[in-house]
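Residue-level structural notes
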Amino acid sequence: MAMRLTGLMSGMDTESMIQQLVEAKSTKVETAKKDQTKLGWKQDVWKELNTKLKNLQSKYLNEMRFTSGYTQKTTKVSNESAVSVITGENAVNGVQSLSVDQLAKTAYLTGGKVTALDSAASQDVTALTKMKNLMEFETDADGNEVAKTLTFTKKDGTSVDITLTSKTTISDVLTSLKEAGVNANFDANQKRFFISAKESGADGNFTITCDDDDALKALGFNIPAEGSGEEGATYIKGQNAKLTLNGAEFESNNNVFEINGLTFTALNETKGENVTITTQQDTDGIYDMIKNFLKEYNSIINEMDKLYNADSASDYEPLTDEEKESMSESEIEKYENKIKDSLLRRDSTVYSISSDLKQIMSGGIGIDRKSTRLNS
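Quick look at the structure, then. (Residues numbered from 1 in each chain as written. Predicted model: local features only at pLDDT ≥ 70, side-chain atom pairs only at ≥ 80, totals over all residues. Heavy atoms only, no water.)

On to the sheet that holds strand S5 (residues 148-154). Taken together, the three strands give an open sheet; going across it, the order is S6-S5-S9, and neighbouring strands pair in antiparallel fashion. Two strands lie at the open edges of the sheet, namely strand S6 (159-164) and strand S9 (206-210), each paired on one side alone. Taking each pair of neighbouring strands and ignoring which way they run, the sheet shows an average axis angle of 20 degrees. Relative to S6, S5 runs antiparallel, the two sharing six bridges. (Pairing = 2+ DSSP bridges. Helix = DSSP H or I, 4+ residues; strand = E, 2+ residues; numbered from the N terminus. Axes fitted to C-alpha atoms, helices over the stretch in contact; angles between N-to-C directions.)

This part is about the sheet that holds strand S13 (residues 256-259). If you walk across this open sheet you meet the three strands as S2-S14-S13, and the pairing is antiparallel. With one partner strand each, in any of the chains shown, strand S2 (83-87) and S13 form the two edges of the open sheet. Across the sheet, the mean angle separating the axes of adjacent strands is 20 degrees when strand polarity is ignored. As paired strands, S13 and strand S14 (residues 262-266) are joined by four bridges and run antiparallel to one another. Note that in S14 the partner of phenylalanine 257 across the bridge is phenylalanine 264.

Approximately 260 Å³ is the volume attributed to the second largest pocket. Lining the second largest pocket are Asp44, Val45, Glu48, Glu303, Lys306, Leu307, Ala310, Asp311, Lys338, Lys340, Asp341 and Ser342. Counting only elements with at least two residues in the lining of the second largest pocket, the list comes to helix H1 (14-64), helix H4 (283-308) and helix H6 (329-340). Grouping the amino acids of the lining of the second largest pocket by side-chain chemistry returns three nonpolar, one polar and eight charged. (1 Å grid on protein atoms, 1.4 Å probe; cavity = no way out; pocket = protein on both sides within 12 Å on 5 of 7 lines; lining within 4 Å. Points joined across faces, edges and corners; volume = space filled by probe spheres on them. Nonpolar A, V, L, I, M, F, W, Y, C, P; charged D, E, K, R; others polar.)

Don't take any of this as a statement about function, it's just geometry.
See below:
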């Protein structure tokens, strides 16, 4: 049973005193929570402002402080479907004539369809299928199986021999081809090998031969003579890209050419058409850079002035959960924004940054012993 000592002997109302002490403690806790909330909001405002100031520096000031920012160049192309151009700092102004004579190609072999010796099993040919199911193997005088040799040869003459035995699988052949330096795959649905050079250009050309023609055909690597009607592989020969610039011929193993400060990417052959390449000073780009800088600068200055001169919200404190329950979301947002907008009111750091930026922009710059200002 609870005992109460309300005013016992001394006449003191201890229950009331305890209640007041609890309320005082709760008020301190609530005040600390509100201060913490305001501090978090203030940090968010500073983060947003710092991000905008940093972006102003990285997007514009880092470039505008050097002369290279005012020597930008641009290149126009009369036929953008034929070639694209990236203009470098060292590009020379002028008009040039270009033709794309040939696009780069990657050496690519699409194998003929692989079938099993037992035609009924041809639908079951997969990467795990063994050579004994695809081709015949002879035996020597001692009854030992005679292996076959598949030879992969690159354009530079280097070659790799791939030994085929009755136990060799299609997957083993793929592994050996990949180790030889090409992309290789076997499509079990199409029953074909697909082999390509890793890079475009003539240097990627290759051949696949075998000491047994029947084995070459069994794997679909034989390339039939044109018009023979024989089934087999189709081979696309790798070739370099070629273009002519101002009468001079250039060649690349891919479709990208870096010439005299310009980077050309060949897109389509021009078939005798000459494309006009015009490189000139990018006055529009320089103008836009300065205009956009001033636009962002003014936006930040206006924002700092607004934050510094905001109306006082000293009578406003963050809402408690109980207070929010009696308000709508829009009312809560409006109330809290009133506090957030005033968090940097009369802030000395905001004033210092804003004043320094204004002073720098309004200051003069000495050129040939004359002072030039933006407002003059």
